[in-house]
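Tertiary structure, described
Take a look at the letters that make up each chain.
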Amino acid sequence: EPEVTQTPSHQVTQMGQEVILRCVPISNHLYFYWYRQILGQKVEFLVSFYNNEISEKSEIFDDQFSVERPDGSNFTLKIRSTKLEDSAMYFCASRAGQFLGYTFGSGTRLTVV
Amino acid sequence: AQTVTQSQPEMSVQEAETVTLSCTYDTSENNYYLFWYKQPPSRQMILVIRQEAYKQQNATENRFSVNFQKAAKSFSLKISDSQLGDTAMYFCAFMKLSAAGGGADGLTFGKGTHLIIQP
């Protein structure tokens, strides 16, 4: 069964450093997403991406965040200057179409120290 | 904006019993989807079941079924013949369908219910 692949599974970074989280969505999917889950809390929507541009973003997704689909297969989330409160599990997800369900990756656990 | 409420932070049942997890939501939208996701200790998000709001018939997937009450904005999940592997966090989620048809809308999640199946 096709999977959404996220790398790395766990990343530790120092406060103020830039970090890039990588995702390879399912190949024929058209819609791409990033979500985050702070430990013990609910999953929160960050951003959606369609047709090579951001479709929707939440209040969490401020200027410190950016997304890119550089080569038609990878989908990346960049945090420019990490803060302690960015520590969370980050999930990538993709969908084939508007009326189809999401497939989530297994997540990247980001720890900012 | 949409909100999703799961009023049961934790539930515990014996193996083979039936359990119902509750979820209510608030929205002014008419076209939307509802989902239940399972998150085991591995923390992966796994789709359990989904319901289209325009469908009156309740969705069913093997041991999992929903009771969708659109007027009451209620979307409960019933797990029959519960198994040890059902132990996980369960999240209810809402997704509106944009009129423009872009379909890029994000999911709004509830806070989750930690379900424990006891042997």
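Reference entry: report on the structure contained in this document.

Parameters and conventions
Residues numbered from 1 in each chain as written. Chains lettered and ligands numbered in written order. Predicted model: local features only at pLDDT ≥ 70, side-chain atom pairs only at ≥ 80, totals over all residues. Heavy atoms only, no water. Pairing = 2+ DSSP bridges. Helix = DSSP H or I, 4+ residues; strand = E, 2+ residues; numbered from the N terminus. Core = buried A, V, L, I, M, F, W, Y, C linked by side-chain atoms within 4.5 Å. Buried < 20%, exposed > 50% of the residue type's maximum accessible area, 1.4 Å probe, protein only. Contact = heavy atoms within 4.5 Å. Buried area = accessible area lost by both parts, 1.4 Å probe. Salt bridge = Lys/Arg side-chain N within 4 Å of Asp/Glu carboxyl O. Polar contact = N/O pair within 3.5 Å; in protein donor to acceptor, adjacent residues only side chain to side chain. Nonpolar A, V, L, I, M, F, W, Y, C, P; charged D, E, K, R; others polar.

1. What to know about the pairing of strand E8 (residues 64–69) of chain B
Residues and elements named next belong to chain B.
- In the sheet, strand E7 (residues 60–61) pairs with E8 via 2 bridges, with the strands oriented antiparallel. Note on E8: the bridge partner recorded for Thr60 is Ser65.
- Between E7 and the antiparallel strand that follows it, E8, lie 2 residues; Asn62 among them carries a positive phi value of about 55 degrees.
- Across 6 bridges, E8 lies against strand E9 (residues 74–79) in antiparallel orientation. Paired with Gln69 across the two strands is Ser74, which belongs to E9.
- Hairpin connection between E8 and E9: a loop of 4 residues separates the two successive antiparallel strands, and Lys73 in this loop has a positive phi of roughly 55 degrees.

2. Observations regarding the nonpolar core
- The biggest cluster of nonpolar side chains holds 26 residues, and the ones touching the most others in it are B:Leu21, B:Tyr25, B:Trp36, B:Phe75, B:Leu77, B:Tyr90 and B:Leu115.
- Contributing elements (two or more residues each) for this core: strand E2 (10–14), strand E3 (19–21), strand E5 (32–39), strand E6 (46–52), E8, E9, strand E10 (88–96) and strand E12 (113–118) of chain B.
- Top element by residues in this core is E10(B). It accounts for 4 residues.
- Setting aside residues no more than four positions away along its own chain, B:Phe75 makes contact with B:Cys23, B:Tyr25, B:Leu34, B:Phe35, B:Trp36, B:Gln51, B:Val66, B:Asn67, B:Phe68 and B:Cys92.
- The next biggest cluster of nonpolar side chains, apart from the first, holds 21 residues, and it includes A:Trp34, A:Phe65, A:Ala88 and A:Tyr90.

3. So, the interface of chain B and chain A
- Opposite the 22 residues of chain B that make contact, chain A presents 24 residues.
- Of the roughly 2000 Å² buried between chain B and chain A on both sides combined, carbon and sulfur atoms contribute 53%.
- If you look at where chain B meets chain A, you find 0 salt bridges.
- Across the chain B-chain A interface, the total number found is 4 residue pairs in polar contact (both at pLDDT 80 or more).
- Residue assignment for the side of chain B that touches chain A shows that the elements contributing at least two residues are E5 and E10 of chain B.
- Per element, the largest residue contribution to the side of chain B that touches chain A is 4 residues, and it comes from E5(B).
- Of the residues in the side of chain B that touches chain A, the class split is 10 nonpolar, 8 polar and 4 charged.

So far we have only geometry, and geometry alone does not tell us how the molecule works.
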